[in-house]
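# Notes for the structure review
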Amino acid sequence: MSDTQKAFRDLLRAQRVWEDVPLPRFDPSAAPAGPLDLFHTWFAEAVTAGQTEPHTMTLATTDAEGRPDARTLMLHDADERGWHFATHATSEKGRQLAARPHAALGFYWPAQGRQIRVRGAVVPASPAESRADLHARSAGALAAALTGTQSEVLPSYEDLVRASEAAWERARAEPDAEVETWTRYVVEPREVEFFQGDARRRHVRLRYRRGGANWARELLWP
């Protein structure tokens, strides 16, 4: 084993989870009938606890060969339809969702030792809702959407700089500029799991499973 590899392993094994972090209690018997209300509550509590960027999440998709892929992006909403995010339909994740319209989401809020997992079908929102999503955000978000072709090979960083500067200029001059490929997606949940960590590893896992119009609730072994 090289010295670099040994140093890495020593550093890795020295890390601890939730040390000196007062973890909240979670009584699953008092959880609401459906997952949305609990998600809203936990999100608000994560913000109050000072969790950095609680609106970021991992989106997992599969490609045409069934190979998994994952990346971090922002949550745009969570309502009775499901969990919302947006991207270019022509991006790699957009193409993957067109071929296999199912996904999983993962939220991790270490400030409270909590995770939330969402699995379900993915449907695109209407063009009008996608346009509203884009223009409800900052000029920087619009500029990013106007810059280049997401996920395509970039010849050089200088090409990105030039395209970004042009996109920023257009975003300021045309705040209503259209980006035809920008699409809002909704993950329609089939399963939602809430994980509350415990310092003694007696983690509480509550899973909601959709059964018709209702949700079944069940505890899982940690």
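Scroll up for the structure.
Quick caveat: nothing in here was measured; it's all calculated off a predicted structure. (Residues numbered from 1 in each chain as written. Predicted model: local features only at pLDDT ≥ 70, side-chain atom pairs only at ≥ 80, totals over all residues. Heavy atoms only, no water.)

On to unusual backbone geometry, then. The residue serine 151 is not glycine, and still its phi comes out positive at about 80°. Tracing the backbone shows serine 151 in the loop between helix H5 (139-146) and helix H6 (157-173). (Helix = DSSP H or I, 4+ residues; strand = E, 2+ residues; numbered from the N terminus.)

Bringing the packing of aromatic side chains into the picture now. Considering all chains together, one arrives at 11 aromatic pairs under this definition. Centre to centre, the rings of phenylalanine 26 and tryptophan 42 are 5.1 Å apart; their planes meet at 75°, and the pair counts as edge-to-face. Residue phenylalanine 26 is located in the loop between helix H1 (3-13) and helix H2 (35-48), and its partner tryptophan 42 is located in helix H2; the two are separated by 16 residues in the primary sequence. Note on phenylalanine 26: relative accessible area 12%, which makes it buried. Classification of tryptophan 42 as buried rests on a relative accessible area of 2%. Three or more aromatic residues link up through ring pairs in this structure, and these residues are Phe26, Trp42, Phe194, Tyr208 and Trp215. The ring of tryptophan 42 carries the charged tip of arginine 114 above its face, separated from the ring centre by 4.0 Å. (Phe/Tyr/Trp six-rings, centres within 6.5 Å; stacked < 30°, edge-to-face > 60°. Buried < 20%, exposed > 50% of the residue type's maximum accessible area, 1.4 Å probe, protein only. Lys NZ or Arg CZ within 6 Å of the ring centre and 35° of its normal.)

Our next topic: the environment of glycine 120. Assignment of secondary structure puts glycine 120 in strand S6 (residues 114-124). Every residue in contact with glycine 120, bar those within four places of it in the chain, is listed here: His102, Ala103, Val187, Glu188, Pro189 and Arg190. (Contact = heavy atoms within 4.5 Å.)

Further remarks concern the nonpolar core. The biggest cluster of nonpolar side chains holds 29 residues, and the ones touching the most others in it are Phe39, Trp83, Phe85, Phe107 and Ile116. Elements supplying a minimum of two residues to this core: H2, strand S1 (56-62), strand S4 (83-88), strand S5 (102-109), S6, strand S7 (182-196) and strand S8 (204-211). With 5 residues, H2 is the single largest residue contributor to this core. The next biggest cluster of nonpolar side chains, apart from the first, holds 11 residues, and it includes Ala143, Leu146, Ala177 and Val179. (Core = buried A, V, L, I, M, F, W, Y, C linked by side-chain atoms within 4.5 Å.)

Below, the discussion takes up the environment of alanine 103. You can see alanine 103 is positioned in strand S5. Expressed as a C-alpha distance, the spacing of alanine 103 and alanine 60, which sit 43 residues apart in the sequence, is 5.6 Å. Beyond its immediate chain neighbours, meaning those up to four positions away, alanine 103 contacts Leu59, Ala60, Thr61, Leu97, Val118, Arg119, Gly120, Val122 and Val187.

Once that is clear, we can look at the pairing of strand S9 (residues 214-220). Across 7 bridges, the pairing between S8 and S9 is antiparallel. Bridge assignment links arginine 210 to a residue of S9, and that residue is tryptophan 215. Counted between consecutive antiparallel strands, the loop separating S8 from S9 contains 2 residues, among which glycine 212 sits at a positive phi close to 70°. (Pairing = 2+ DSSP bridges.)

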